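Observations on the model geometry
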Amino acid sequence: MTILDKIVAAKRRETDALRECGYYRALDAMDAPQDVPSMAAALRKSAKGIIAEFKRRSPSKGLINGNADVEQTVGGYAGAGAAACSVLTDTAFFGGSCADLVRARVAARECSLPLLRKEFVVVPEQLAEARVLGASAVLLIASVLDGAELASLCSCASSLGLETLVEVHTLSELDKTAGCGADMVGVNSRDLADMSTDVERAMHLGEEVARRAGDAVVIAESGITSMADVERLRGCGYRGFLIGERFMHEDDPAEALRAFLNNDKKMES
């Protein structure tokens, strides 16, 4: 069983338990924020297109940053020039929580920064939850969903006023996105089977994804270590660039983003 298989199996158990205890029914009575900005529009307008991530840990790297404050980091990312922010909410494998997204929303509201809920979505109730928590968009991973599930979740998200970022790793997964209505299509350079990263995966698929994406914004995810990588990826058709560990490894992730955007050679690895 791969790491991804373990995560998805755990997520299905988690969502089943939440459904049984009435958690999702309770969400129906809660009002969702009405002023969330569009992530896709923000990326189209941005000259850099950086999606900075708040990520505490990962299954492959363990603890990344146990001291970063969510509100301070997200507010700092906005001030440093991020176009959007991704927030991990999985607890068991990534050390995140729904509370992290709520706190991120407090900081993001002041600067109209779009928030992506980065989660392993397997049921539509998670979409309604993301909307109540204040996300602008939610991640849908094509490798864990079949074509019908993907289309259904995209439609459900749209009805809730929530944008979707559909993540692919291969051309066969890209085939699933045809007609699904995704607002954004992302290519993840991380192999979710073993968590290894190679940005050449995104380079290889970029032009084909951009050709097929239609009006969707095309995003490169993972493995980006420098503005040189960003410019190479931009040449392949990408307009958004999701970067997580690169900033979160530093004591001050927002300052790391600022140095990255300024092409500070000392910050490059």
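Computed from a predicted structure; not experimentally measured.

**What to know about helix H7 (residues 147-159)**
Here H7 contains 13 residues, and its C-alpha end-to-end distance of 19 Å stays within 8% of the 18 Å for a straight helix at 1.5 Å per residue. Buried residues in H7 make contact with helix H6 (125-133), strand E6 (137-141), strand E7 (163-168) and helix H8 (171-176). Its side-chain oxygen placed 3.1 Å from the backbone nitrogen of Ala 148, Asp 146 serves as the N-cap of H7. Phi turns positive one or two residues past the end of H7, at Gly 161, with a value near 80 degrees.

**Some details on the side chain of Arg 131**
On the secondary structure map, Arg 131 appears in helix H6. Buried charge Arg 131 goes without a salt bridge, the closest partner of opposite sign being Asp 35 at 7.0 Å.

**Quick word on the sheet that holds strand E1 (residues 50-54)**
Strand pairing within a sheet occurs via backbone hydrogen bonds; the two strands may be parallel or antiparallel. Read once around its circumference, the closed barrel built from eight strands follows the order E1-E4-E5-E6-E7-E8-E9-E10, with strand pairing classed as parallel. Along the sheet, successive strands turn relative to each other by an average axial angle of 25 degrees, direction set aside. Inspection of the sheet shows strand E8 (residues 184-188) paired to strand E9 (residues 217-221) by five bridges, in the parallel sense. What sits directly across from Val 187, in E9, is Ala 220.

**Description of unusual backbone geometry**
With a phi close to 55 degrees, Ser 112 is a non-glycine residue in the positive phi region. Backbone geometry at Ser 222 places phi at a positive 75 degrees, although glycine is not the residue there. With respect to the element layout, Ser 222 can be found in the loop between E9 and helix H10 (227-235). Take Ser 222: its relative accessible area is 12%, and that puts it in the buried class.

**Here's the deal with the pairing of strand E4 (residues 84-88)**
Counted residue by residue, E4 has five buried out of five residues, so it is predominantly covered. Relative to E4, E1 is paired through four bridges, and the arrangement is parallel. Counterpart to Glu 53 in the pairing with E4 is Ser 86. Here E4 runs beside strand E5 (residues 115-118); their pairing, made up of four bridges, is parallel. What sits directly across from Cys 85, in E5, is Leu 115. In the classification by handedness, the crossover that spans E4, the intervening helix H5 (residues 98-109) and the parallel E5 is right-handed.

**A word on the environment of Gly 75**
Among the secondary structure elements, Gly 75 is positioned in helix H4 (residues 70-80). Judged by its relative accessible area of 31%, Gly 75 falls in the partly exposed class.

**A word on the packing of H4 against helix H12 (residues 253-261)**
Packed helices, taken two at a time, are described by the angle their axes make and the gap between the axes. The interhelical angle for the contact between H4 and H12, taken along N-to-C directions, is 20 degrees, at an axis separation of 8 Å. By the criterion of interaxial angle, the relationship of H4 to H12 is roughly parallel. For the crossing formed where H4 meets H12, the hand is right-handed. Along the contact surface, H4 presents Thr 73, Gly 76, Tyr 77, Gly 79 and Ala 80, while H12 presents Pro 253, Ala 254, Leu 257, Arg 258 and Leu 261. Its residues placed into classes, the contact of H4 with H12 shows six nonpolar, three polar and one charged.

Basis of the calculations
- Residues numbered from 1 in each chain as written.
- Predicted model: local features only at pLDDT ≥ 70, side-chain atom pairs only at ≥ 80, totals over all residues.
- Heavy atoms only, no water.
- Helix = DSSP H or I, 4+ residues; strand = E, 2+ residues; numbered from the N terminus.
- Expected span 1.5 Å × (residues − 1).
- Contact = heavy atoms within 4.5 Å.
- Polar contact = N/O pair within 3.5 Å; in protein donor to acceptor, adjacent residues only side chain to side chain.
- Buried < 20%, exposed > 50% of the residue type's maximum accessible area, 1.4 Å probe, protein only.
- Lys, Arg positive; Asp, Glu negative; His and termini not counted.
- Salt bridge = Lys/Arg side-chain N within 4 Å of Asp/Glu carboxyl O.
- Pairing = 2+ DSSP bridges.
- Axes fitted to C-alpha atoms, helices over the stretch in contact; angles between N-to-C directions.
- Right-handed = clockwise from strand over helix to strand, strands pointing away.
- Parallel < 35°, antiparallel > 145°, perpendicular 65-115°, else oblique.
- Left-handed = near helix turned anticlockwise from the far one by under 90°.
- Nonpolar A, V, L, I, M, F, W, Y, C, P; charged D, E, K, R; others polar.

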